[in-house]
Protein chains: 2
Amino acid sequence: MRIIVDCMSGDNAPREIVKGALTGSAKYDVDVCLVGEKDVIEKIAREENLDTSRMTIAEANGPHITMEDDPGEITKEYRASSSMAVALDLLKSGEGDALVSAGNTGALLTGATLKVRRIKGVRRAALGAIVPLGKPMMLADAGAQTDCTPENLVLFAVMGSLFMEKVMGIDNPKVALINNGAEEHKGTELQVKTHALLKQRSDINFVGNIEGREIPEGKVDVMVADGFTGNIVLKMCEGTGLFVKSTLKKLFYRNLSSKIGALFVNGSLKQLKQDMDYSEFGGAPFLGIAKPVIKAHGSSNAKSISYCIHQAKSYAESGMIEEIEKTALAEKAKEE
Amino acid sequence: MRIIVDCMSGDNAPREIVKGALTGSAKYDVDVCLVGEKDVIEKIAREENLDTSRMTIAEANGPHITMEDDPGEITKEYRASSSMAVALDLLKSGEGDALVSAGNTGALLTGATLKVRRIKGVRRAALGAIVPLGKPMMLADAGAQTDCTPENLVLFAVMGSLFMEKVMGIDNPKVALINNGAEEHKGTELQVKTHALLKQRSDINFVGNIEGREIPEGKVDVMVADGFTGNIVLKMCEGTGLFVKSTLKKLFYRNLSSKIGALFVNGSLKQLKQDMDYSEFGGAPFLGIAKPVIKAHGSSNAKSISYCIHQAKSYAESGMIEEIEKTALAEKAKEE
């Protein structure tokens with residue numbers, strides 16, 4: 001088992017990525033292939049005194065893909081030596097079993113779709129983001145596909161449920177459709193049709209619609225949406241986290257009395273911070289790509305990348321891609 | 001100036017509605033017409049020792065519309081004596097200048113559209129909800145119209161901006177389009193086209209797209225969306241408020257130390273509670289209906305209803321309905 005890591009992408013690249021990849025490799029007992037500028041990676045490993053016994057390096061000298069680049073850049077000839085493009089090529093050719101990147105989401109999706117390809121029968125790949133509001137919930141699609149059909153959404157539900165079960169270890173995950181009401185006739189034509197299809201399925205535990213108000217409550221394990229709605233929900237969840245933080249700051253920094261109060265809740269505050277910490281939940285899988293690709297949060301630190309290594313390993317071992325292929329091909333046959 | 005109040009609808013009807021209407025009438029110097037069961041209203045006014053000098057009562061003996069009723073119920077013959085139907089009939093016939101109801105949103109919108117009618121040139125009425133996250137922001141449409149055209153959204157923007165300026169007293173309100181990215185090519189076809197149209201307008205202060213993450217920050221005054229997206233955003237904002245409350249509860253009730261901490265931040269906590277209190281911001285106007293209709297929150301208490309009386313009065317005095325008609329007719333002429 002070997003995990004390919006794109007070391008030159010993300011807000012904290014390359015240092016935090018290299019650190020996370022090598023600590024993850026030791027912690028989770030797995031080989032890693034670090035993709036990036038060889039001398040930079042070796043220097044960081046030396047400086048940080050990291051265990052390199054299970055590391056190989058694949059040279060990628062750039063120009064690398066930045067967060068601001070257009071997703072289409074990944075397909076350009078002059079980007080062929082970017083760490084992301086090289087990492088995807090390695091995954092495609094079987095030099096590793098899974099890939100972790102904290103880089104540009106759009107570029108990674110475009111690259112994965114064109115180079116690694118989708119699972120047979122899958123027409124759209126989804127970004128399965130993990131929403132950290134007290135407990136990890138998956139949101140699929142969190143922004144990969146703005147226009148979706150009911151059939152796309154059904155497959156997002158199946159793939160998201162499989163991931164939460166087989167990779168995140170949740171028993172019989174509860175799956176809900178994000179909608180503007182609880183009743184099955186609610187929503188646009190997309191939600192009405194999707195609800196009807198989800199209700200018929202025996203391979204997922206569909207619990208009905210979920211409204212915006214219930215999302216932060218963490219009642220379900222998988223939330224299904226088109227990528228436009230999903231993106232807004234994901235970012236509002238992130239905004240909620242930031243809002244809670246700024247609210248607490250205002251609350252405790254108001255005057256001397258409130259500052260003293262903060263000392264008394266110190267333990268509670270630390271627990272809360274941990275509950276809402278992205279780095280505790282790892283990254284977001286691209287569901288529907290033929291090999292495991294984990295999109296780490298752009299602001300990932302070493303701890304988060306280390307956890308992504310674990311996630312990527314579990315994903316590669318899970319056998320869920322084969323299961324998705326079976327389901328997707330059966331769905332396609334039904335349609336034809 | 002007389003405000004019609006639907007006294008039998010809402011979670012806290014009739015007592016809190018009657019109390020709010022009569023305190024609002026005294027506080028904001030305006031006549032009120034209370035619609036509902038005469039003996040019940042009179043009994044509450046007596047028991048609560050309220051000033052009834054500017055009150056008239058319009059009898060409506062039910063069966064009243066409940067929160068669970070199908071919106072279409074408002075059109076049924078046997079509901080003609082419901083407080084909501086009678087209130088709408090009175091508004092239509094000019095017995096009052098504006099209407100306040102805390103009842104079933106769908107029924108109120110259906111009734112207002114059929115009885116009071118839309119402003120000339122307006123094809124879709126929007127629910128202009130006020131989102132209370134630190135400062136009042138308007139969200140239009142918050143759930144009235146799930147399927148919208150770019151032209152609908154442009155008019156929602158214009159109407160929302162007018163309301164925030166003329167009724168809520170905000171100078172040159174900042175208007176933003178809810179979208180899945182900052183760039184103007186982002187979103188589905190609806191958002192791309194709407195963005196292009198909004199950019200061209202000189203009658204609103206359009207500041208571009210707003211992403212989900214920025215919504216709780218309160219950077220803008222009016223957020224524009226189709227009713228499906230808007231409903232999810234509104235309910236997530238409500239969910240965020242509840243999440244903050246439950247988070248604080250967990251934080252302070254964890255152990256003895258944290259309970260002591262709560263005593264030190266008591267003042268701050270009260271301020272926070274007030275900042276996030278729905279009742280401080282009044283109700284949501286139906287934008288595009290030919291006369292002012294304010295939908296109070298279903299869980300409104302007397303304080304909230306009292307503020308809605310003030311809002312309804314400002315709305316009726318603002319002259320904004322005439323302005324909307326001018327704009328809407330000009331838009332319609334442009335299309336033809």
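Residues numbered from 1 in each chain as written. Chains lettered and ligands numbered in written order. Predicted model: local features only at pLDDT ≥ 70, side-chain atom pairs only at ≥ 80, totals over all residues. Heavy atoms only, no water.

*Asks:* In this structure, what is going on with the sheet that holds strand β7 (residues 135–140) of chain B? I would like to understand it.
*Replies:* Residues and elements named next belong to chain B. Overall, mixed pairing links the five strands, which are arranged β6-β7-β10-β8-β9 in an open sheet. Edge positions in the sheet fall to β6 (129–133) and β9 (205–210), since each of these pairs with one other strand and no more. The sheet shows a mean angle of 30 degrees between the axes of neighbouring strands, taken without regard to direction. Here three bridges tie strand β8 (residues 174–178) to strand β10 (residues 222–224), and the two strands are oriented parallel to one another. (Pairing = 2+ DSSP bridges. Helix = DSSP H or I, 4+ residues; strand = E, 2+ residues; numbered from the N terminus. Axes fitted to C-alpha atoms, helices over the stretch in contact; angles between N-to-C directions.)

*Asks:* I tried to follow the interface of chain A and chain B on my own but got confused; where do I start?
*Replies:* Interface size is commonly expressed as the accessible surface area that is lost when the partners come together. Contacts between chain A and chain B engage 46 residues on the former and 47 residues on the latter. Summed over both sides, the interface of chain A with chain B buries roughly 4,200 Å², with 70% coming from carbon and sulfur. Between E238 of chain A and R213 of chain B there is a salt bridge whose closest N-O contact spans 2.5 Å. In this structure, the connection of chain A to chain B is made through eight residue pairs in polar contact (both at pLDDT 80 or more). Every element with two or more residues in the side of chain A that touches chain B is listed here: α7 (227–252), α8 (256–264) and α9 (266–275) of chain A. In terms of residue count, α7 of chain A provides more of the side of chain A that touches chain B than any other element does, 19 residues in total. By residue class, the composition of the side of chain A that touches chain B is 21 nonpolar, 18 polar and seven charged. (Contact = heavy atoms within 4.5 Å. Buried area = accessible area lost by both parts, 1.4 Å probe. Salt bridge = Lys/Arg side-chain N within 4 Å of Asp/Glu carboxyl O. Polar contact = N/O pair within 3.5 Å; in protein donor to acceptor, adjacent residues only side chain to side chain. Nonpolar A, V, L, I, M, F, W, Y, C, P; charged D, E, K, R; others polar.)

*Asks:* It is not clear to me how the confidence of the model for chain A should be interpreted in this structure. Could you clarify?
*Replies:* Overall, the predicted model of chain A reaches an average pLDDT of 92, with 98% of residues at or above 70. In the predicted assembly, ipTM is 0.85 and pTM is 0.88. (pLDDT = per-residue confidence, 0-100.)

*Asks:* Whenever I open this one, the sheet that holds strand β5 (residues 126–127) of chain A confuses me. Can you help?
*Replies:* To summarise the sheet geometry, strands pair through backbone hydrogen bonds and adopt either a parallel or an antiparallel arrangement. Residue and element names in this part refer to chain A. Taken in spatial order, the seven strands line up as β3-β2-β1-β4-β12-β11-β5 in an open sheet, and their pairing is mixed. Lying at the two open borders of the sheet, with one neighbouring strand each, are β3 (55–59) and β5. Taken together, the three bridges between strand β4 (residues 98–101) and strand β12 (residues 293–295) define a ladder with parallel strand orientation. For S101, the partnering residue across the bridge sits in β12 and is K295. This element, helix α10 (residues 302–318), spans β1 (2–6), β2 (31–36), β4, β11 (284–287) and β12 of the sheet and lies at about 150 degrees to β12.

*Asks:* Even after reading the chapter, I still don't get the pairing of β3 of chain A, so can you show me in this structure?
*Replies:* Two faces belong to every sheet, and in a regular strand the side chains alternate between them. Residues and elements named next belong to chain A. Bridge count between β2 and β3: five bridges; the pairing is parallel. Residue pairing across strands places G36 opposite E59, the latter belonging to β3. On the question of chirality, the crossover connecting β2 to the parallel β3 by way of helix α2 (residues 38–47) is right-handed. (Right-handed = clockwise from strand over helix to strand, strands pointing away.)

*Asks:* Honestly, a nonpolar patch on the surface in this entry has me stumped. Any pointers?
*Replies:* Residues and elements named next belong to chain A. A cluster of nonpolar residues, L256, I260 and L263, forms a patch on the protein surface that exposes about 320 Å² of accessible area. Positionally, L256 belongs in helix α8. Given the relative accessible area of 64%, L256 is considered exposed. (Patch = residues over 30% accessible without salt bridge, like charges linked within 9 Å, V, L, I, M, F, W, Y side chains within 5 Å. Areas by Shrake-Rupley, 256 points an atom, 1.4 Å probe, with all protein chains shown as cover. Buried < 20%, exposed > 50% of the residue type's maximum accessible area, 1.4 Å probe, protein only.)

*Asks:* Could you clarify how one ought to interpret helix α1 (residues 15–27) of chain B in this entry?
*Replies:* Three or four residues apart is the spacing at which side chains of an α-helix point the same way, because the helix has 3.6 residues per turn. Residue and element names in this part refer to chain B. For α1, built from 13 residues, the straight-helix expectation of 18 Å at 1.5 Å per residue is met to within 8% by its first-to-last C-alpha distance of 18 Å. Looking at α1, one finds that the buried residues are I17, V18, G20, A21, L22, G24 and S25. Contacts made by the buried residues of α1 are with β1 (2–6), β2 (31–36), α2 (38–47), β3 (55–59) and α10 (302–318). Once α1 ends, the next one or two residues include D29, with phi positive near 55 degrees. (Expected span 1.5 Å × (residues − 1).)

*Asks:* Quick question: what am I supposed to make of the side chain of S82 of chain A here?
*Replies:* Residues and elements named next belong to chain A. Among the secondary structure elements, S82 is positioned in the loop between β3 and α3 (83–92). Accessibility expressed as a relative area gives 0% for S82, which makes it buried. At a separation of 2.7 Å, a polar atom in the side chain of S82 contacts the main-chain carbonyl oxygen of R79. Apart from the residues within four sequence positions on either side, S82 is in contact with A60, G62, P63, H64, I65 and I74.

*Asks:* I tried to follow the packing of aromatic side chains on my own but got confused; where do I start?
*Replies:* Each aromatic ring pair is described using two quantities: the centre-to-centre distance and the angle formed by the ring planes. Residues and elements named next belong to chain A. Per the stated rule, a full pass over the model turns up two aromatic pairs over all chains. Between F163 and Y315 the ring centres are 5.3 Å apart and the planes differ by 85 degrees, which places this aromatic pair in the edge-to-face class. Note that F163 is positioned in helix α5 (residues 150–166) and Y315 in helix α10, a separation of 152 residues in sequence. Both residues of the pair, F163 and Y315, count as buried. (Phe/Tyr/Trp six-rings, centres within 6.5 Å; stacked < 30°, edge-to-face > 60°.)

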